[in-house]
Amino acid sequence: MFHAINTQHLAAFFWGAFLVLLGLAVFMLPLAPLRKVCAIVLLLCIVCGIAVVFLRKISPFDMPSVVLLAFVLLLIVPNATNPDFWGFHLAYFGQILIFACALFWLLRLLKLGDSALFWTFLLPSSVHSVLLLCIGLWRFYCTPHTQFTYINSSGELVSRFYFYDNPNLAAIFATLSFALLLPFCVARIPHVRVLAAVGVAAVAVSIFLLGSRMAIAIMAVCGILFLLWNRKQKISRRFVLFVVLCLATLAVGFFVFHIEVFMLKILYGNEPRPMLWLEGLRAYFQSGQILFGLGAGAFMDIDFSEILGGEEYRKMWHAHNLFVQILVEYGLLALLCLCGFLASLLRFAPAPHTARAQAFWLAALSFLLFSLVEFNLWQRNALWALLLFGALGRRND
């Protein structure tokens, strides 16, 4: 089916999407213009998807797509007139989620081949990872900031390494990229193997510099699974040498530039997430809105100043937990649909015998683990996660 589709046009489309994301990351453009872009691209995706369905006479939705559609409808219908769902709350969460879901459905229809996967995902992701690392290093050394800081052992206020927005959100994006690129480091085609290895090295360095404990743990787990899945396959000595050199460079850099500067988040991070979850669940059950939740943006209305001991903690953007966030704001039905989507995605996924199947399982693992400590279905992360699930997570018919 895919052979009849112009691969170059599809690659150009995804290159454009990555460039838009990179532009937002570098220049911090206002998100208001993104509304029109999302609306236009969403319309094009739907039209293309319908055209493929009618021309190829295939079933338009598989089971994960159907459950995802139900989940999106349960989010939209109760909040259709809620400006927080469409507006500034969580950076236009509703609009970006719908845009990401449309791309997911389109990718499930297209069933990308290996060549298309390289041009539309591997190459852009590797280049994107290297560019983001360079941007982060330039910002860290050349443009010190006070937006994201920690107090070190000397009592000094020190800037944190970050790409864009919140460093934790960047860590989610980085772990998904790591999961995508890692299995292709042992690909048979040399240029694919080299490109993936460069991207993995850039992402690994970025994750360590971001200092997210969950991201570092996910990277370690992904590395262990990757070695177990490929234990019978001969790994190139050059690849092993490349990894050793990257780790050695990273270790030397830590000690030369003072490890504390880079590991502030790990050394001094103290985020009372369980207290946020319990307070959010308490407000949810007290409201009586069990099925449809408190509504989009309701978590920001909860007063946390008493339990966290400070006026600066009165308002929280989100629950730092995907499942708690969906339950509190959108209700039990939406949470069940979300769990059903993830379960069906895993149920109908290919076995981890190929590089793209391994990439899917590692991305799914990364997404699920980060769901426990972050709300990872908004901004770039929702788009990137659903793009990967749509392109990698379908069995060959």
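### Section: the overall build of the protein chain
The helix and strand inventory of the protein chain stands at 17 helices and two strands. Classification of the 397 residues of the protein chain by burial places 54% in the buried group. For the protein chain, the share of sequence-separated contacts (at least 6 apart) that also reach a separation of at least 24 residues comes to 76%. Only carbon and sulfur atoms are counted for the fraction: they give 70% of the accessible area of the protein chain, which is about 18,600 Å².

### Some words on unusual backbone geometry
The backbone of His-320 sits at a positive phi, close to 55 degrees, despite the residue not being glycine. Its location among the elements puts His-320 in the loop between α14 (305–308) and α15 (322–347).

### Description of the nonpolar core
In terms of nonpolar packing, the biggest core is built from 112 residues, with Phe-71, Phe-121, Leu-377 and Phe-389 touching the most fellow members. With sequence-adjacent residues up to four places away left out, Phe-389 is seen in contact with Phe-104, Arg-108, Leu-345, Phe-360, Ala-363, Ala-364 and Phe-367.

### Quick word on the packing of aromatic side chains
The geometry of an aromatic ring pair comes down to the distance between the two centres and the angle between the two planes. In the structure shown here, the tally under the stated rule is eight aromatic pairs. For the ring pair Phe-118 and Trp-119, a centre distance of 5.3 Å and an interplane angle of 80 degrees mean the geometry is edge-to-face. Assessed through its relative accessible area of 11%, Phe-118 is described here as buried. Relative to Phe-389, the ring of Phe-360 has its centre 6.0 Å away and its plane inclined at 70 degrees; by these criteria the two rings are edge-to-face. Within this pair, whereas Phe-360 is found in helix α16 (residues 355–371), its partner Phe-389 is found in helix α17 (residues 380–392), the two being separated by 29 residues in sequence. Here Phe-360 falls in the buried class, since its relative accessible area comes to 0%. Pairwise contacts between aromatic rings join Phe-360, Trp-361, Phe-367 and Phe-389 into one cluster. The positively charged end of Arg-347 is found above the aromatic ring belonging to Phe-348, 5.3 Å away from the centroid.

### What to know about the pattern of salt bridges
Applying the stated criterion across every chain yields a total of two salt bridges. For Asp-114, the salt bridge identified is with Arg-356, shortest N-O distance 3.1 Å. With Asp-114 in helix α6 (residues 114–142) and Arg-356 in helix α16, this residue pair connects regions lying 242 residues apart in the sequence. Accessibility expressed as a relative area gives 58% for Asp-114, which makes it exposed. Between Glu-279 and Arg-282 there is a salt bridge; the shortest N-O distance is 2.5 Å.

### As for helix α7 (residues 167–181)
Between the first and last C-alpha of α7 there are 21 Å, a value that for 15 residues agrees with the 21 Å anticipated at 1.5 Å per step. Burial within α7 is extensive, with 15 of its 15 residues counted as buried.

### Considerations on the environment of His-353
Take His-353: it is sitting in the loop between α15 and α16. His-353 gets classed as exposed once you look at its relative accessible area, which sits at 69%. Distance in space between the C-alpha atoms of His-353 and Asn-230 is 8.9 Å, their sequence separation being 123 residues.

### As for the confidence of the model for the protein chain
Of all residues in the protein chain, 66% have pLDDT values of 70 or greater, and the mean over the chain is 75. Averaged pLDDT values over the elements of the protein chain bottom out at 49 in helix α12 (residues 264–268) and peak at 93 in α16. Note that residues 1–5 has pLDDT below 50 and, in this model, 15 contacts with residues that lie over four places away or in other chains. Below a pLDDT of 50 lies the segment residues 22–33, which in the model reaches 23 contacts outside its immediate sequence neighbourhood of four places, other chains included.

### Examining the packing of α7 against helix α8 (residues 190–210)
Contact geometry of α7 with α8 gives a least axis separation of 9 Å together with a crossing angle of 155 degrees. Here α7 is positioned roughly antiparallel relative to α8, judged by the angle of their axes. For the pair α7 and α8, the crossing hand works out as left-handed. Taken together, the residues of α8 that come into contact with α7 (itself represented by Pro-167, Ala-170, Ala-171, Ala-174, Thr-175, Ser-177, Phe-178 and Leu-181) are Ala-196, Gly-199, Val-200, Val-203, Ala-204, Ile-207 and Leu-210. Classifying every residue of the contact of α7 with α8 by side-chain character gives 12 nonpolar, three polar and no charged.

### Examining the side chain of Ser-212
Within the element layout of this structure, Ser-212 appears in the loop between α8 and α9 (213–229). Note on Ser-212: relative accessible area 5%, which makes it buried. Reaching out from Ser-212, the side chain makes a polar contact with the backbone nitrogen of Ala-215 at a distance of 3.2 Å.

### Overview of a nonpolar patch on the surface
Judged by side-chain polarity, Phe-285, Ile-290, Leu-291, Phe-292, Leu-332 and Leu-336 come together as a nonpolar surface patch covering roughly 540 Å² of accessible area. Looking at the secondary structure, you find Phe-285 in helix α13 (residues 273–287).

### Side note on the environment of Phe-389
Classification of Phe-389 by relative accessible area gives buried; the value is 2%. Through-space distance from the C-alpha of Phe-389 to that of Leu-342 is 9.9 Å; in sequence the pair is 47 residues apart.

### A short note on the side chain of Asn-376
Inspection of the secondary structure puts Asn-376 in the loop between α16 and α17. In this structure Asn-376 touches Ile-172, Leu-322, Phe-367, Phe-370, Ser-371, Asn-381 and Ala-382, once residues within four positions along its chain are discounted.

What counts and how
The residue numbers shown here count from 1 along each chain, following its written sequence. A pLDDT threshold of at least 70 governs which residues receive local features in this predicted model, and a stricter bar of 80 or more applies before side-chain atom pairs are shown or counted, although totals over entire chains, interfaces and linings include all residues. The basis for every side-chain value is the complete set of non-hydrogen atoms in the structure, without hydrogens or water. In this text, helices come from DSSP runs of H or I with a minimum length of four residues, and strands from runs of E with a minimum of two, each type numbered from the N-terminal end. In this scheme, a residue with accessible area under 20% of its type's maximum is buried, one over 50% is exposed, and one in between is partly exposed, where area comes from a 1.4 Å probe on protein chains only. Contacts are residue-level and defined by heavy atoms, with any inter-residue pair within 4.5 Å sufficient. All accessible areas in this document rest on Shrake-Rupley with a 1.4 Å probe, and a residue is counted as covered only by the protein chains that are shown. For this analysis, a nonpolar core means a set of buried residues of the types Ala, Val, Leu, Ile, Met, Phe, Trp, Tyr and Cys, connected via side-chain atoms within 4.5 Å. Between 30 and 60 degrees the pair is tilted, below 30 it is stacked and above 60 it is edge-to-face, where a pair is any two Phe, Tyr or Trp rings, Trp via its six-membered ring, whose centres lie within 6.5 Å. Placement of a positive charge over a ring is assigned whenever Lys NZ or Arg CZ falls within 6 Å of the ring centre and within 35 degrees of the normal to the ring plane. By definition here, a salt bridge exists when the distance from a side-chain nitrogen of Lys or Arg to a carboxyl oxygen of Asp or Glu is within 4 Å. A helix is expected to span 1.5 Å for every residue after the first. For every residue, the predictor reports its confidence as pLDDT, a number between 0 and 100. Axis definition: a line fit to C-alpha positions, over the contact stretch in the case of helices; interaxial angles, taken between N-to-C directions, run 0 to 180 degrees. Note on terminology: angles under 35 degrees are roughly parallel, angles over 145 are roughly antiparallel, angles of 65 to 115 are roughly perpendicular, and the others are oblique. Handedness of a helix crossing follows the sense of rotation of the near helix relative to the far helix, less than a right angle counterclockwise being left-handed and clockwise being right-handed. When residue character is reported, Ala, Val, Leu, Ile, Met, Phe, Trp, Tyr, Cys and Pro are called nonpolar, Asp, Glu, Lys and Arg charged, and the others, Gly included, polar. What qualifies as a polar contact is a pair of N or O atoms within 3.5 Å, subject to a donor-acceptor requirement within protein and to the restriction that residues adjacent in sequence count only when both atoms come from side chains. A patch consists of residues whose relative accessible area exceeds 30% and which take part in no salt bridge; residues with like charges are grouped when within 9 Å of each other, and nonpolar side chains (Val, Leu, Ile, Met, Phe, Trp, Tyr) when within 5 Å.

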